[in-house]
Structure formats: structure tokens, C-alpha cells
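Coordinate analysis (summary)
Given next are the chains, with one letter for each unit.
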Amino acid sequence: METADGRLRVSEALAAFNAVLRGKAGDGAGASVWFKESSARNLRSRDFLAPRAALRAIFANAQVPKDIVESILSLKCPGMPPIHSCQTVPAGLTVQLDRPTIFEQVLTALPVYTKPPLTSQGHCIILNCVPLRGLKDLKSLSLGHLRAILVTDHLAGLLQAQGIDVQLVPAFVNEEIHQFLHQIQVDWPSGSEASQVAEDILALKETLCQCPYTTIIQADQDEIVCKLHLKEFLEKQEGLEGYDPNLDVFLVTEEKLYQVAELQRVARQCTEAVPGVCCSIVHIVNNEEAFQQQKVDLLWRLVTQPLSFTTHQKHLVCGPVKITCTDSCMNAFQYYQLRHSQMYKASVLKYGDLSKDASWTKVISILTSAAIRFDMLSIVHQNQVFLDVEESNISTKGTKGGAFVMYNCARLATLFDTYQRSVEEGLYPVFPQSSELNYSSLREEGEWLLLFNSILPFQEVLTQIMQFLLPSGGIRITVSTQAICKFLIQLSMDFSSYYNRVHILGEPRPHLFSQMFARLQLMRAVREVFHSALATFHLPPLNQI
């Protein structure tokens, strides 16, 4: 049974299965019993399993009553995929879905499954990439800075894909750094410098002069405007949780006031442009900056009360980045140059001299950007990243990184180009309507693996990442910024295995066309998921590699 948006959901199936077991056992509040299978081996016989050990905790001797099996078979609720069978086996209670029906429902409604879901309107997120502030030149851009920038860029891509208005700050970035960011596919805004917020800074200074928690500093002290007694301020506030207990005296500088003034201006622009909009702020910081940014957070709360958007501040902390070779030390640009050189050499080894083909300049650049993103974003953002920069670990076909993902995306482009050329040559007929295809011909285990593990749950992966938008206690948030990297690598491995094993474009014989078209429609879905996921990294898909 489909939901209002017509989409089948794995999460709805799990919730319904658990409700049947727990409801019949009189334990509606218990933990989840069922889980979704994902390995090719287990998917040969089942799609969901309630393990025998979990059943034993509910039923005597793990014997599931017949009426429960019948209840599962008759489930009809929004988002529930159609069921083929439910049976007890030595491993536990299993469910296998009606696969031909699900293939048809999903592959005749591709945008419903392959495009990010649009969230409710009226939400604006300001992403404050703190490491970008105060950088004077490209040499000062460290690997830690680069990681925070890429986390910010990916978070922006995820939010924008789901219809949320995103504002990136700081608006002004050093021109040399701005050009480098453009080179690695990060489209950072370029704004004018301090003149825009000069008046706001003056107003903030006047507010601080009247603040009971302020001690004014004499003008001869370098750029320090005043002292703020944050400990005293925090002690008198209710509901402010998660701040470091060591916060005490804050020496407020011109640079910190500039940051607050810019944040305040952008937040006001958001709320004035769309009355009633909910405006939230996420500060993306490195470990070493986290303590200072809490001070800036409190400074903004103190000088802008009672403006409500200052209460919607969260902090996302990025762990450090280390080179595995202890004698290696490089900044972000040197790291880019190294990865670019490695990608070029790997491509030359595979394809020969590329110097006469101008199109490869862009391909190598995009491959490098993809490799860097997967290096930095495949690890949970608060954990440390270890970069292996050895030449031997780089190729376009290794299964660990961005180049492998882009390689498989390009293979899909080549597949459809080959089909189109064959149509023009009269070998194959024009592609029929998706509703006219015979989806029962999709019987290869790799075909169900692609649909059940990647196409069907893609939107749910995106939705899970967006859980940080929900109200939560404390000021720190954790966002699964590694989820899309891991999703794309697994999709690439599953697709590569299938593509290497199955000949999709068969002999141009009429009796083979039915299965070929069903497989091509499945490949269309895989391609659209690739494109949608890569768009959250602002990476364009490649047509050759």
C-alpha cells in the first residue's frame, strides 16, 4: 500500500512488522525485533528477519502463533510494500516481498524514489563555516580547514536538495582561497568586506557599553573592545545546556564583533524576506575552535536579546586531519596538487597520453574533487581523519573512494550512449513507456540487490541525515555527513558487480528486448540515484573516464 506521495518505505514495513509482534505479545513499547536484510546471500531467501533469539523473548520456545503470520501477510498500511510470503525457518521469522510488483511500482515512478524529498517550507538555515574566517591566503588553508569547508558544502547540498533555504557565511573570502574553492567544485558566495556591517558593529559596541556583564577596555589594547563575564551571564540563564563549564572571561575583539554582526544581518534578512520563517544557525568548527565559538554564540545571545533566532544556534565540531606518514606535512592546496597528480597518472596508465585531449582536463579536476571529498567525508565528522597519500593507493577503479564512484557513474553514461547509438543504427527499437515493460523478467539477484538496498531506501537515507533539524537538548549536533559517501560506495560496488556479470545490451533479437528494456529501466533508476546523491556534494556526473 502506497503513502500519500506514492512511495513504498522500508521503515514503514519494519514499523508494521514490529507492531504486529509486539501488539500480539502485549508489549507495544518493546525494542525493535525485525531488521532488513542487505547481503546478497540472505536476500536470496528473505528480505526481513525477526531472529529466533528475539522471538524467544516474546513467545515460548520462539513458536510464533499462526494468527501472527496471517496478520503479517494481510498487512495493508501506507508505505507498506506488498508481501509474497511469511514463514518460520531455523533462523527465525522471515518475510519475502512481492518483488515483481515492487519492481513495477518503483521503476514506473522513478522521480518519487530517486529525487530528494522536499521538506516543509518556511525554514532557513545559516551555515557559519568558522575556519574560513580570518584566512589571509591560500597557504594558510590547512587540511582541517578544508574538511570543515567540505562538511559545510555537503550539508548545504543536502539541505538545498530538500528545498530548505541555505545561507553561507562568511560572505567575504580571500580571493585566492575563493578561486581554489571553485576549483574543487565548492561554489562559495563572494560578498563585499567590512563596509556592509560597519554600522552594525557600532551598534553592537553601544549595546556592550550598556551591558551589566561588560568591563570596558582602554583603547590602547590591541583590537580588544571589552571583557565579557560569561560565567556570570550563564548562571542567570535558564535552559542553556551543553556549554563548557570553563567558560568565564571573554576578551571581545573587533573580529568577533564582525562575525556576530554578519550573522545578525543575514538572520534578519532571512526573517524579513519571509515573515514567520524559522531561522536556525549551525556553526561548523574544528576541535581547536569549538571553545572560542561557544563564546561567540553567547556574545550574540547577549547583545541581541530578545531576538529569537539566537536561541536556535547549534555547533557541529569536526575532528582533526592527519597524514599517515609522520614525516609528511602539507596544506590544503598541496594536498589538492598531490591528489590531482595522482589522478592524472592513474588515468594515463589506463588510457595513455591525455595531453592532446582537452576534455580530460575537466575530467581529472572532477575526479580529484571527488577523491578529496570521499577522503574527508567518509568518516564521522567528529572523528579524526587519517589521509593515506601514497601513490600505490590511488586508482580510478579501487573500491574505497570517490574516483571509483565517478568511474561507475561514467559506465552508466556509456551504457546509455551505446544504446542510443544502436537505436540510431536501427539495431534496437525506441525505448517503450515504463508502464509497458515486463518487470517479472528481473530475476537476477543483483537486480533486487540494487533496488532493495539503494533505490528503494535512498530517500530514507536522506531523511535520516536531516534528523539534526529536530529540536534537541544541548548545543552540539551530530550529522551523518558520512552517510552519502558510504551509500555511494556500496551502490558502486553492487552496480559494478552486476554490470560485470550481466550483459545488459544483448543481441538485437526481438525475443530478448523485453528483458533488455526492463534492465535498462533499472539502470536508469541507478543512474538517477547516482546523480541525486552526487549533487549533494556539488559534483557533476562524468560521461567518460
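Quick note: structure is the one above.
The paragraphs below set out a description of the structure included in this document. This structure is a prediction, so every number in the text was calculated from the model and none was measured.

**Focus on unusual backbone geometry**
The peptide bond linking valine 169 to proline 170 adopts the cis configuration, its omega dihedral lying at 10 degrees. Counting through the fold element by element, proline 170 comes out in the loop between strand S6 (165–169) and helix H8 (175–183). Of note in the backbone geometry, glutamine 185 takes a positive phi value of approximately 70 degrees without being a glycine. As for its position among the elements, glutamine 185 is in the loop between H8 and helix H9 (198–209). Of the residues examined, glutamine 185 reaches a relative accessible area of 23% and is grouped as partly exposed.

**Re helix H15 (residues 402–424)**
Between its first and last C-alpha, H15 extends 33 Å over 23 residues, near the 33 Å set by a 1.5 Å rise per residue. Most of H15 is tucked away, with 17 of its 23 residues classed as buried. Following H15 by one or two positions, glycine 426 adopts a phi angle in the positive range, close to 85 degrees.

**Describing the pattern of salt bridges**
As enumerated under the stated definition, the model contains 15 salt bridges in all. The partner of arginine 373 in a salt bridge is aspartate 153, and the shortest N-O contact between them spans 3.3 Å. Of this pair, arginine 373 sits in helix H14 (residues 359–377) while aspartate 153 sits in helix H7 (residues 143–161); the two residues are 220 residues apart in sequence, bridging distant segments of the chain. In this structure, arginine 373 and aspartate 153 share a single accessibility class: buried. Three or more residues are tied together by salt bridges with common partners; here these are Lys115, Arg527 and Glu528.

**Overview of the sheet that holds strand S7 (residues 214–216)**
Taken together, 3 strands build an open sheet; the order of strands is S7-S8-S9 and the sheet is antiparallel. Unpaired on one side and paired on the other, S7 and strand S9 (249–253) mark the two borders of the sheet. The average angle at which neighbouring strand axes cross in this sheet is 25 degrees, direction not considered. Across 5 bridges, strand S8 (residues 224–229) lies against S9 in antiparallel orientation.

What counts, and where the lines are drawn
- Residues numbered from 1 in each chain as written.
- Predicted model: local features only at pLDDT ≥ 70, side-chain atom pairs only at ≥ 80, totals over all residues.
- Heavy atoms only, no water.
- Helix = DSSP H or I, 4+ residues; strand = E, 2+ residues; numbered from the N terminus.
- Buried < 20%, exposed > 50% of the residue type's maximum accessible area, 1.4 Å probe, protein only.
- Expected span 1.5 Å × (residues − 1).
- Salt bridge = Lys/Arg side-chain N within 4 Å of Asp/Glu carboxyl O.
- Pairing = 2+ DSSP bridges.
- Axes fitted to C-alpha atoms, helices over the stretch in contact; angles between N-to-C directions.

Keep in mind these numbers describe shape, not what the thing actually does.
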